[in-house]
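Okay, here's what each chain looks like letter by letter:
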Amino acid sequence: MARVFFSYSHRDEELRDRLETHLAMLKRENVVEAWHDRRITVGDEWKGQIDANLERSNVILLLVSPDFLASSYCYDVELNHAMRLHGEGKSKVVPIILKPCDWKSAPFSKLQAAPTDGKPIVSWPDLDEAFLNVVEKLRDLLGKESTDLSLGKSRGALPELSSVESNNSIKTATFSGPRSSNLSLSKSFTEAEADEFLDKAFEYMSKFFENSLLELQERNSDIKTSFKRVDSNRFTAVVYKNGSSIARCKISLGSEFSHKSIRFSGNDSLADESYNESLSVKHDKQAMYLSSIGMQQSSQFDSKKLTFEGASEFYWHLLIKYLQ
């Protein structure tokens with residue numbers, strides 16, 4: 001069984017939890033045993049725990065984000081330790097790119113990152129698809145390295161630590177005996193958190209449309225575009241071809257039955273309150289996401305747990321689908 005160590009910023013804990021949930025089958029198959037610092041029990045010496053579990057790890061996952069790069073402990077301590085183990089052939093370091101950040105000049109940039117092409121997890125339309133891509137790459141890695149990882153050939157024998165070895169040792173938060181792999185707990189989200197999530201999604205979408213319209217115009221000499229931020233809750237987009245409008249929309253934050261949503265209207269009339277699609281905040285046991293009510297049929301986006309990127313791509317698709 002390969003021991004997997006999570007190196008991450010606590011600000012990315014929600015994404016770490018989601019990745020660990022996706023490792024469920026690898027755990028059930030006794031392929032991996034995961035460890036992160038939330039396994040440290042009260043009263044234990046945390047730095048010693050981290051150092052000991054890093055040394056015992058076969059695979060070290062770097063959960064890369066702006067917060068990871070900004071963390072002195074993650075970058076200066078855990079990363080240096082991990083890269084030393086990787087260089088000595090004692091562990092495999094795998095960068096997992098969680099969020100867009102300036103990671104390509106980091107010491108681990110020479111290593112193959114996941115997901116595919118190092119596309120950040122949060123930039124995928126669906127978080128579950130992004131994490132599945134990561135898990136498939138890990139499964140492939142563990143398959144290729146299974147002999148070395150299971151027998152410890154690349155680093156010698158992998159001793160189990162007892163709960164207490166001496167007065168100078170630490171109590172480990174992982175155990176050599178049998179235990180369940182089903183240790184993740186469901187999370188709850190308040191209405192205030194859902195509203196904040198939706199507000200951030202709307203701001204992301206506004207910038208997404210503004211940049212996409214500019215790029216569309218730049219690439220096509222016969223195309224002109226218009227983006228207008230009407231107010232804090234509305235923006236409009238228009239595409240012109242040879243001076244005539246060929247696509248229009250209005251995207252707005254609305255409220256219905258006490259729940260907020262992001263609405264798409266196929267026209268840019270500020271007086272018209274009708275809409276053709278609506279996105280609202282949903283959540284599973286681990287995280288919040290955006291979901292459409294399904295007024296516009298699209299197999300690419302239906303029944304998806306949409307990220308900010310995925311929701312923006314969905315509405316952009318509704319604007320320009322007839323142009324393509």
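The structure under discussion appears in the preceding block.
Read on for an overview of the structure. (Residues numbered from 1 in each chain as written. Predicted model: local features only at pLDDT ≥ 70, side-chain atom pairs only at ≥ 80, totals over all residues. Heavy atoms only, no water.)

### Brief notes about the overall build of the chain
The secondary structure content of the chain amounts to nine helices and ten strands. A total of 324 residues make up the chain; the buried ones form 46% of that total. Here the analysis covers contacts within the chain between residues at least 6 apart in sequence; of these, 58% occur between residues at least 24 apart. (Helix = DSSP H or I, 4+ residues; strand = E, 2+ residues; numbered from the N terminus. Buried < 20%, exposed > 50% of the residue type's maximum accessible area, 1.4 Å probe, protein only. Contact = heavy atoms within 4.5 Å.)

### Topic: the environment of Lys-47
Here Lys-47 shows up in helix H3 (residues 46-56). Residue Lys-47 is classed as partly exposed on the basis of its relative accessible area, which comes to 36%.

### Concerning helix H8 (residues 191-219)
Between its first and last C-alpha, H8 extends 42 Å over 29 residues, near the 42 Å set by a 1.5 Å rise per residue. Of the residues making up H8, those classed as buried are Ala-194, Phe-197, Leu-198, Ala-201, Phe-202, Met-205, Ser-206, Phe-208, Phe-209, Ser-212 and Leu-213. (Expected span 1.5 Å × (residues − 1).)

### Focus: the packing of aromatic side chains
Inspection of every chain in the model, using the stated rule, returns twelve aromatic pairs. For the ring pair Tyr-204 and Phe-308, a centre distance of 6.0 Å and an interplane angle of 50 degrees mean the geometry is tilted. Of the two residues, Tyr-204 is situated in helix H8 and Phe-308 in helix H9 (residues 308-320); the sequence distance between them amounts to 104 residues. Sitting over the ring of Trp-124, Lys-119 keeps its end group 5.6 Å from the ring centre. (Phe/Tyr/Trp six-rings, centres within 6.5 Å; stacked < 30°, edge-to-face > 60°. Lys NZ or Arg CZ within 6 Å of the ring centre and 35° of its normal.)

### Regarding the pairing of strand E6 (residues 234-241)
Sheet analysis places strand E5 (residues 223-231) next to E6, joined by eight bridges and oriented antiparallel. Paired with Asp-231 across the two strands is Arg-234, which belongs to E6. Counted along the chain from E5 to the antiparallel partner E6, the turn is two residues long. (Pairing = 2+ DSSP bridges.)

### A word on the sheet that holds strand E2 (residues 32-35)
In space, the four strands of this open sheet follow the order E2-E1-E3-E4, with parallel pairing throughout. Lying at the two open borders of the sheet, with one neighbouring strand each, are E2 and strand E4 (92-97). On average, each strand axis in the sheet is inclined to that of its neighbour by 25 degrees, with strand direction left out of account. Pairing of strand E1 (residues 2-7) with E2 involves four bridges; the strand directions are parallel. Looking at E2, one finds that Arg-3 is bridged to Glu-33. (Axes fitted to C-alpha atoms, helices over the stretch in contact; angles between N-to-C directions.)

### Some points on unusual backbone geometry
Cis rather than trans, the peptide bond between Ala-114 and Pro-115 has omega equal to 0 degrees. Note on placement: Pro-115 falls in the loop between E4 and helix H6 (127-144). Even without being a glycine, Asn-30 presents a positive backbone phi close to 60 degrees. Here Asn-30 lies in the loop between helix H2 (24-28) and E2.

### Thoughts on the side chain of Glu-78
Assignment of secondary structure puts Glu-78 in helix H5 (residues 72-87). With near-sequence residues (within four places) excluded, Glu-78 lies in contact with Phe-5, Ser-7, Tyr-8, Ile-50, Leu-54 and Tyr-73.

### What to know about the environment of Asp-128
Its place among the elements puts Asp-128 in helix H6. What makes Asp-128 partly exposed here is its relative accessible area of 21%. Between the C-alpha atoms of Asp-128 and Lys-305, which are 177 residues apart in sequence, the distance is 7.5 Å. Here Asp-128 is in contact with Arg-18, His-22 and Lys-305, once residues within four sequence places are set aside.

### Some details on the pattern of salt bridges
Inspection of every chain in the model, using the stated rule, returns 21 salt bridges. Between Arg-16 and Asp-17 there is a salt bridge whose closest N-O contact spans 2.3 Å. Pair check on accessibility: Arg-16 and Asp-17 agree, each one buried. Linking Arg-234 and Asp-231 is a salt bridge whose minimum nitrogen-to-oxygen distance equals 2.8 Å. When salt bridges with common partners are traced through the structure, they connect Arg-18, Asp-128, Asp-284 and Lys-305 into a single cluster. (Salt bridge = Lys/Arg side-chain N within 4 Å of Asp/Glu carboxyl O.)

### So, the nonpolar core
Residues Met-205, Phe-209, Ile-251, Ile-262, Leu-279, Tyr-315 and Leu-319 are the most contacted members of the largest nonpolar core, which totals 31 residues. Among the secondary structure elements, those contributing two or more residues to this core are H8, E6, strand E7 (244-256), strand E8 (259-265), strand E10 (288-292) and H9. Per element, the largest residue contribution to this core is nine residues, and it comes from H8. Not counting residues up to four positions away in its chain, the partners in contact with Leu-279 are Leu-198, Met-205, Ser-261, Ile-262, Ser-291, Ser-292, Leu-306, Ala-311, Phe-314 and Tyr-315. (Core = buried A, V, L, I, M, F, W, Y, C linked by side-chain atoms within 4.5 Å.)

### Concerning the pairing of E8
Among the seven residues in E8, five count as buried, and that is most of the element. Looking at chain direction, E8 and strand E9 (residues 277-283) are connected through three bridges and run antiparallel. For Arg-263, the partnering residue across the bridge sits in E9 and is Ser-278.

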